[in-house]
Amino acid sequence: MACWRGRSSPWPQVFTSDALGHAAYTGALAALALGVDARVGLFAATALVAVGLGVLGGRTRADDVVIGSVFAWILGLGVFFLTIYTTSQSTGNGAASVNYLFGSIFGLSPAQSVVAAVVAGVVSLALVVIARPLLFATVDHAVAAARGVPVRIIGVGFLVLVGVTAGEAAQDVGALLLLGLMAAPGGAAQRLTARPFVGLAIAGGIAVASTWVGVILSYLVPSLPPSSAILGVATLAYVGAALVARARSTSAGERSRSLAGATRRFRTGAS
Amino acid sequence: MSATTAAGGWSWNVVTDVHQLFAYPFMVNAFLAGTIVAVAAAVVGWFMVLRRQTFAGHTLALIGFPGAAGATLVGISAAAGYFGFAILGALVVAATRASGTAYRGFSEESAVVGTVQAFALAAGFLFVALYKGFLNGVNSLLFGTFLGITVGQVWALLLVAVVALIVLGLIGRPLLFASVDPDVAAARGVQVRLLGVLFLVLLGVAVAEASQITGSLLVFALLVMPAAAAQRFTPRPVAGLVLSVVIAVTVTWLGLVVAYYSPYPMGFYITTFAFAVYLASFVVRYLVDRHGSAPARALHARVGT
C-alpha cells in the first residue's frame, strides 16, 4: 500500500507547508475544473509556490499578515474552482473537495501508490544529497554563506522538496492535515534528540508508524476516517515526546531553576 | 453550495435589483448577520494586526471547526460550538503564553502550532464523518455560507458583538498602549498580561462570529485583510478603525450581492474583494510615498512608517 515516507521538516518552515497545503488544494481543484489529472495541478501548484516562497523569502522577510492574506485568497480561489468543477463537469461530485481537503488514503489505486513511492524515493535521495550543507545553512546561515555554501540555491531546493512532499501528503491525509504530518513527527524528534541524523530517522519512523497505526485503526473502526486516525496518532506521538523530554529534563531543570532563582535574588538585591 | 438562483437575475436596474434582493427574508438575515460580523471582525482584527497575532487568530478559527462540527453532531447549534471552542481555545493559548518563557525558539513554537491546527482539523473531520450525510455541510463550515441564517441567529450574533465591542471600548485605550509599547505600558502600571488574556478571548469571540459567515478557513478575509489594508492607509487609530469597518462591511455587502446573482460561492467573492482592497492599499501607499504631499511625507517620517 501507499506509504508516504515521512521526511519531516524539523526547521522553522512549518508554516511553509501550511501555505503549500492551501496551494495544493487549489491546484488540484483547478486541474479538475480544467479537466486535467488532479495530481498535475497538485504538484505544479506546490512546486510553483515553493519556488516563489524561496525566491521572495531570500529578498525580503514577508510578514505573517502578507502570507496569511495571500493564502486565504488562494483558498478562496480553490472554492471557486470547486464550484466550476461540480457545476460544469458531468463527472464532478461534491466529494472531490472533501477528498482533497482531508485526503482519501483508501482511494489510492496501485498505480498511484507506485508513483507516490517513486516520488518519495527521489525526494529522499535528493534530501540525502543536500543534507549536510542544508543542515549547515539552517543552523548558521551567515557562517555557511561565508564558507561558500550556496545558501540560496539550497534554500530554494529544500522548499521544492517540501513542495513535492506536500503534494504527496495531500493525497494521503489531505491538504489541510498534511501540516500535521510534517510538523508533528519533526517536532517530536526534535524534542527527543538534538542530533540531526538520529532526529531525521526518528521523525521518519514516527511518521511511518503513525500512518500505519492510523490506517489499521481506521480499518478496525470503520466510522473512524483514516486521516483523523493518522493525525490522532501523530499528535499522541508528539505529546508523548514532549512528556518524555520534560521528564528527562526535570532533574536538570530543577538545578537550572534554582540557579535562575538565585540569580534573580542576586539581581533584585543589587538594584 | 450557493444553490440560489435569483428569480429574475441581475438587470442593471439597481432599484429593482435591491428591491428583489431584500424580498427574501433569508437575504435580509444574511445582510444583517454579515454586517454585524463585519463590524465586530474589523474592529477586533485591527487590534489583532497591530498586536501581530494573526496566527493566533488563524489557530482559533481552525479550533472553531471541530467545535461547530461536534455541536452539529450532538444536536446543538453550530454557533454554540464555534463560540465555545474558540473561546476555550483562546484561554488555552493565553495559558500557554502566560506560563512564562515557553519560547524556546521559533521552530519549537511552530511545530506545536502546526500540530494543534492539524489535530483540530482532524477532530473536526472525525465529527463530520460520524455525522452521516453531512458532506456538503463540511464545505459550508470551512468556506462559509449565507443561506439559512435565522432571525434568532442574527440576534445572537448582535448580542455577542455588542458585548464584545463594549468590552473592547472599555479596554481600548490601555490595550492600544500595551500593544504599541508593552514595556513602557507595564512600567506605567498598565495590566499588560490581563489585557492580553482579555484580548485573546475577544479575538476568540470575533473569530467565532466571522467563521459563521466566511467559514473557518477564510476568516482572514474579514478579520485580517480589512484591518491590514486600513493600517496601510492610515497610521491613526480612530481613522484606521473606521476605515477597517468600512472596508469589511463593503466587502461583505458586495460579496453577498454578487454571490446572490452568480453560481459561485460567497467565500470566494469575499476573499477576492478583501484581497483586492489589500493589494490596492499597497499600490496607494507606494504612490503616496512617491508623489505624496510634503505634509504627508513629514507625518510618515514622524511616525516612522
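Just so it is clear, the structure is predicted and the values come from calculations on it, not from any experiment.

Caption draft 1: Here's a closer look at the overall build of chain B. The helix and strand tally for chain B stands at 14 helices and zero strands. Listed by position from the N terminus, the elements making up chain B come as α-α-α-α-α-α-α-α-α-α-α-α-α-α. Taking all 305 residues of chain B together, 50% fall into the buried category. For chain B, the share of sequence-separated contacts (at least 6 apart) that also reach a separation of at least 24 residues comes to 74%. Total accessible area on chain B stands at roughly 13400 Å², and carbon and sulfur atoms take up 72% of it.

Caption draft 2: Representation of the overall build of chain A in the model. The helix and strand tally for chain A stands at ten helices and zero strands. Reading chain A from its N end, one meets helices and strands in the order α-α-α-α-α-α-α-α-α-α. Here chain A holds 271 residues, and 50% of them are scored as buried. Here the contacts in chain A between residues at least 6 apart in sequence split such that 74% fall between residues at least 24 apart. On chain A, roughly 12500 Å² of surface is accessible, and the fraction owed to carbon and sulfur atoms is 68%.

Caption draft 3: Highlighting the packing of aromatic side chains. The full count for this structure, using the stated rule, is 14 aromatic pairs over all chains. Their ring planes at 15° and their centres at 5.8 Å tell us that Tyr25(A) and Phe143(B) sit as a pair that is stacked. Here the residue Tyr25(A) occupies a position in helix α1 (residues 14–34), and Phe143(B) occupies one in helix α6 (residues 135–143), the pair thus bridging two chains. Across the pair, Phe143(B) and Tyr25(A) agree in class, each one buried. Seen in terms of ring centroids, Phe80(A) and Phe268(B) are 4.2 Å apart; in terms of plane orientation they differ by 20°. Their pairing is stacked. Pair noted here: Phe80(A) is in helix α3 (residues 64–88) and Phe268(B) is in helix α13 (residues 266–291), and the two residues belong to different chains. Both residues of the pair, Phe80(A) and Phe268(B), belong to the buried class. An aromatic cluster is present here, built from Phe80(A), Phe81(A), Tyr264(B), Phe268(B), Tyr269(B) and Phe273(B) joined pairwise through their rings.

Caption draft 4: Geometry of the nonpolar core. By size, the foremost hydrophobic cluster in this structure holds 144 residues, and its most contacted members are Phe102(A), Leu142(B), Phe143(B), Leu168(B) and Leu203(B). Here the element with the most residues in this core is helix α2 (residues 25–50) of chain B; it accounts for 16 residues. Non-local contacts of Leu203(B), meaning those with residues more than four positions away in its chain, are made with Val44(B), Met48(B), Gln53(B), Ala56(B), Gly57(B), Leu60(B) and Leu223(B). Within the second largest apolar cluster, six residues are counted, among which are Ile206(A), Ala234(A), Tyr238(A) and Ala241(A).

Caption draft 5: Seen up close, the interface of chain A and chain B. Opposite the 49 residues of chain A that make contact, chain B presents 46 residues. Linking chain A with chain B are zero salt bridges, by the criterion used here. The interface formed by chain A and chain B holds three residue pairs in polar contact (both at pLDDT 80 or more) in total. Contributing elements (two or more residues each) for the side of chain A that touches chain B: α1, α3, α4 (95–102), α8 (178–192) and α10 (226–270) of chain A. A per-element tally of the side of chain A that touches chain B places α3(A) first, with 16 residues.

Caption draft 6: How the structure looks around helix α5 (residues 110–139) of chain A. The largest bend in α5(A) is about 60°, located at Ala131(A), with the proline Pro133(A) one to four residues further on. Inspection of α5(A) places Gln112(A), Ser113(A), Ala116(A), Ala120(A), Val123(A), Ser124(A), Leu127(A), Ala131(A), Leu134(A), Leu135(A) and Ala137(A) among the buried residues, and these make up the whole buried set.

Caption draft 7: Main features of the packing of α2(B) against helix α9 (residues 192–214) of chain B. All names here are of chain B. The N-to-C vectors of α2 and α9 enclose an angle of 145°; their axes lie 9 Å apart at closest approach. Here the hand of the crossing between α2 and α9 comes out left-handed. Note on element contacts: α9 touches α2 through Phe199, Leu202, Leu203, Ala206, Glu209, Ala210 and Ile213, opposite Ala33, Gly34, Ile36, Val37, Ala40, Ala41, Val44, Phe47 and Met48.

Caption draft 8: Layout of the environment of Thr54(B). Relative to the elements of secondary structure, Thr54(B) occurs in helix α3 (residues 54–74). On the basis of relative accessible area, Thr54(B) is assigned to the buried category, the value being 0%. Between the C-alpha atoms of Thr54(B) and Leu223(B), which are 169 residues apart in sequence, the distance is 8.7 Å. Look past the residues within four positions of Thr54(B) in its chain and what remains in contact with it is Asp64(A), Val65(A), Met48(B), Val49(B), Phe220(B) and Val224(B).

Caption draft 9: Structural context of a nonpolar patch on the surface. Residues Phe106(A), Trp212(A), Ile216(A), Tyr219(A), Leu220(A) and Val221(A) make up a contiguous nonpolar surface patch of roughly 720 Å² in combined accessible area. Structurally, Phe106(A) is set in the loop between α4 and α5.

Caption draft 10: Inspection of the confidence of the model for chain A at higher detail. Residue and element names in this part refer to chain A. Looking at chain A as a whole, its pLDDT mean stands at 72, while 76% of the residues score no less than 70. Confidence, expressed as mean pLDDT per element, reaches its minimum in chain A at α10 with 69 and its maximum at helix α9 (residues 196–220) with 82. Taken together, the stretch residues 1–12 has pLDDT below 50 and engages in 40 contacts with residues farther than four places along the chain or on a different chain. Here residues 266–271 is a poorly scored stretch, pLDDT under 50, and it has zero contacts once near neighbours within four places are set aside; other chains count.

Thresholds applied
Residues numbered from 1 in each chain as written. Chains lettered and ligands numbered in written order. Predicted model: local features only at pLDDT ≥ 70, side-chain atom pairs only at ≥ 80, totals over all residues. Heavy atoms only, no water. Helix = DSSP H or I, 4+ residues; strand = E, 2+ residues; numbered from the N terminus. Buried < 20%, exposed > 50% of the residue type's maximum accessible area, 1.4 Å probe, protein only. Contact = heavy atoms within 4.5 Å. Areas by Shrake-Rupley, 256 points an atom, 1.4 Å probe, with all protein chains shown as cover. Phe/Tyr/Trp six-rings, centres within 6.5 Å; stacked < 30°, edge-to-face > 60°. Core = buried A, V, L, I, M, F, W, Y, C linked by side-chain atoms within 4.5 Å. Salt bridge = Lys/Arg side-chain N within 4 Å of Asp/Glu carboxyl O. Polar contact = N/O pair within 3.5 Å; in protein donor to acceptor, adjacent residues only side chain to side chain. Bend = angle between axes of the 7 residues up to and from the residue. Axes fitted to C-alpha atoms, helices over the stretch in contact; angles between N-to-C directions. Left-handed = near helix turned anticlockwise from the far one by under 90°. Patch = residues over 30% accessible without salt bridge, like charges linked within 9 Å, V, L, I, M, F, W, Y side chains within 5 Å. pLDDT = per-residue confidence, 0-100.

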